[in-house]
Amino acid sequence: MRITFYSAQPYDRRFFDEVRERHFADAGFEFIFQETSLDAGTVALADGSDAVCVFVNDRLDSEVIEALAAQGVRAIVLRCAGFNNVDLAVTQRLGLFVARVPAYSPEAVAEHALAMIMTLNRKTHRAFNRVREGNFALDGLLGRTLYGKTAGVVGTGRIGLCMARIFQGLGCQVLGYDPFPSAAFAAFGRMVSLDELLADADIVSLHCPLTEQTHHLIDRQALALMKPDAMLVNTSRGALIDTPAVIEALKSRQLGALAIDVYEQESELFFRDHSAEIITDDVFARLTSFPNVLITGHQGFFTVEALREIAEVTCGNLQAFANGRECANRL
């Protein structure tokens, strides 16, 4: 079975080759790694493949999916949890197998969110640069004690529960919102309406999927409900927040701080080195100009444990497809 990987990075090759050799040596998998992302212009790279393995920013609209099927591709496996970039109606019409990795090391993403919160709150990134230059002044580095603060978790799935557990461990009062609440959340905090969470929380951390209902969940109206010194954290999907509205809230000091590991237009930026180029995205450039904004390049998942689990589950999905077995992760 030949599988073409799109948006492949050196770490994808490392972990997928490792997992194949350890656990799927007899599966007959042939991996072809392509660094380029999948779109209408690169779909031909999968010619002769039985399956493609894609990531969060690969394009799988009707044009691309129909082209893949015409080339003989019979399966699409996502090495991620989100699938908002896949036209499932077309894959079902064409009878294609589609599967994802529904959850992987949720602690990895929650811990990264914590790292961003602590960095932005205590300004350790600025302190690091100062000390390297021999500047030990503390002016401009004032933070707040998180103990006793109110933390809001939007989305109480596996990652949201991990985040709630961390906040509880810090001594925060934890509020949760989810249209489909988890009973397990009661061990860490109290479920409330979204409006109440936004109004009361000192930190709002987003941990929900991107759907029609959650697109721009944090818009001008939502931002207006938040405390002026509150911190907004997004490690889920970029389009959960209306970025121009957030910029206006930062400029007007309606929003205290912003930490994002995802960005609505990230497909043109993230997972590549643009350090020698001019970034033409004016919205992103404006975000980077704020001293109270911290941005990382979609690395919340990036731990050894998470990458190994992603490779294992993806290979298991491929094996289920090859053997005609039921696959719990099929979409």
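Residues numbered from 1 in each chain as written. Predicted model: local features only at pLDDT ≥ 70, side-chain atom pairs only at ≥ 80, totals over all residues. Heavy atoms only, no water.

**Q** Quick question: what am I supposed to make of empty space enclosed by the protein here?
**A** Enumeration over the complete set of coordinates arrives at one cavity of 30 Å³ or more. In this model, the largest cavity occupies a volume close to 30 Å³. As for the largest cavity, its lining consists of Asp-12, Phe-16, Phe-55, Arg-79, Phe-301, Leu-307 and Ile-310. (1 Å grid on protein atoms, 1.4 Å probe; cavity = no way out; pocket = protein on both sides within 12 Å on 5 of 7 lines; lining within 4 Å. Points joined across faces, edges and corners; volume = space filled by probe spheres on them.)

**Q** I tried to follow the packing of helix 4 (residues 106-122) against helix 6 (residues 158-169) on my own but got confused; where do I start?
**A** If you want to describe how two helices pack, look at the angle between their axes and the distance between the axes. Packing of helix 4 against helix 6 leaves a shortest axis separation of 8 Å and a crossing angle of 45°. As summarised for this structure, helix 4 and helix 6 are arranged oblique, according to the angle between their axes. In the packing of helix 4 onto helix 6, the handedness of the crossing is right-handed. Contact with helix 4, carried on its side by Pro-106, Glu-107, Val-109, Ala-110, Glu-111, Ala-113, Leu-114 and Ile-117, involves Arg-158, Ile-159, Cys-162, Met-163, Ile-166 and Phe-167 of helix 6 and no other residues of that element. Its residues assigned to classes, the contact of helix 4 with helix 6 comprises 11 nonpolar, no polar and three charged. (Axes fitted to C-alpha atoms, helices over the stretch in contact; angles between N-to-C directions. Helix = DSSP H or I, 4+ residues; strand = E, 2+ residues; numbered from the N terminus. Parallel < 35°, antiparallel > 145°, perpendicular 65-115°, else oblique. Left-handed = near helix turned anticlockwise from the far one by under 90°. Contact = heavy atoms within 4.5 Å. Nonpolar A, V, L, I, M, F, W, Y, C, P; charged D, E, K, R; others polar.)

**Q** Honestly, the pattern of salt bridges in this entry has me stumped. Any pointers?
**A** One pass over the structure, following the stated rule, counts 13 salt bridges. Of the charged contacts, one joins Arg-59 and Asp-61 as a salt bridge, the two residues approaching to 2.5 Å between their closest N and O atoms. Assessed through its relative accessible area of 34%, Arg-59 is described here as partly exposed. Assessed through its relative accessible area of 26%, Asp-61 is described here as partly exposed. Here Glu-63 ties to Arg-59 by a salt bridge, and the two come within 3.0 Å at their closest N and O atoms. Classification of Glu-63 as partly exposed rests on a relative accessible area of 47%. Residues participating in the shared-partner salt-bridge network are Glu-18, Arg-22 and Arg-308. (Salt bridge = Lys/Arg side-chain N within 4 Å of Asp/Glu carboxyl O. Buried < 20%, exposed > 50% of the residue type's maximum accessible area, 1.4 Å probe, protein only.)

**Q** Where do I start with the layout of surface pockets in this structure?
**A** What the largest pocket holds in volume is close to 1100 Å³. Considering the residues around the largest pocket, the lining is formed by 42 residues, among which Ala-81, His-207, Cys-208, Pro-209 and Leu-210 are closest to the centre. Secondary structure elements with two or more residues in the lining of the largest pocket: helix 4 and helix 6. Element by element, the count of residues in the lining of the largest pocket is highest for helix 6, at three residues. Partitioned by chemical class, the residues of the lining of the largest pocket number 22 nonpolar, 15 polar and five charged.

**Q** Is there a simple way to explain the pairing of strand 3 (residues 51-54) in this structure?
**A** One face of the sheet, then the other: side chains in a regular strand alternate in exactly this way. Burial along strand 3 is two-sided: the face carrying Ala-51 and Cys-53 and the face carrying Val-52 and Val-54 are both buried. Examined bridge by bridge, strand 1 (residues 2-5) and strand 3 share three bridges and lie parallel to one another. Bridged to Thr-4 within strand 3 is Val-52. The pairing of strand 3 with strand 4 (residues 75-78) spans four bridges and is parallel. Its bridge partner lying in strand 4, Cys-53 is registered against Val-77. Of the crossover connections in this fold, the one passing from strand 3 over helix 2 (residues 62-70) to the parallel strand 4 is right-handed. (Pairing = 2+ DSSP bridges. Right-handed = clockwise from strand over helix to strand, strands pointing away.)

**Q** Is there a simple way to think about the pairing of strand 2 (residues 30-33) in this case?
**A** With four bridges joining them, strand 1 and strand 2 adopt parallel strand pairing. In the sheet register, Ile-3 faces strand 2, and the bridge partner there is Phe-31.

So far we have only geometry, and geometry alone does not tell us how the molecule works.
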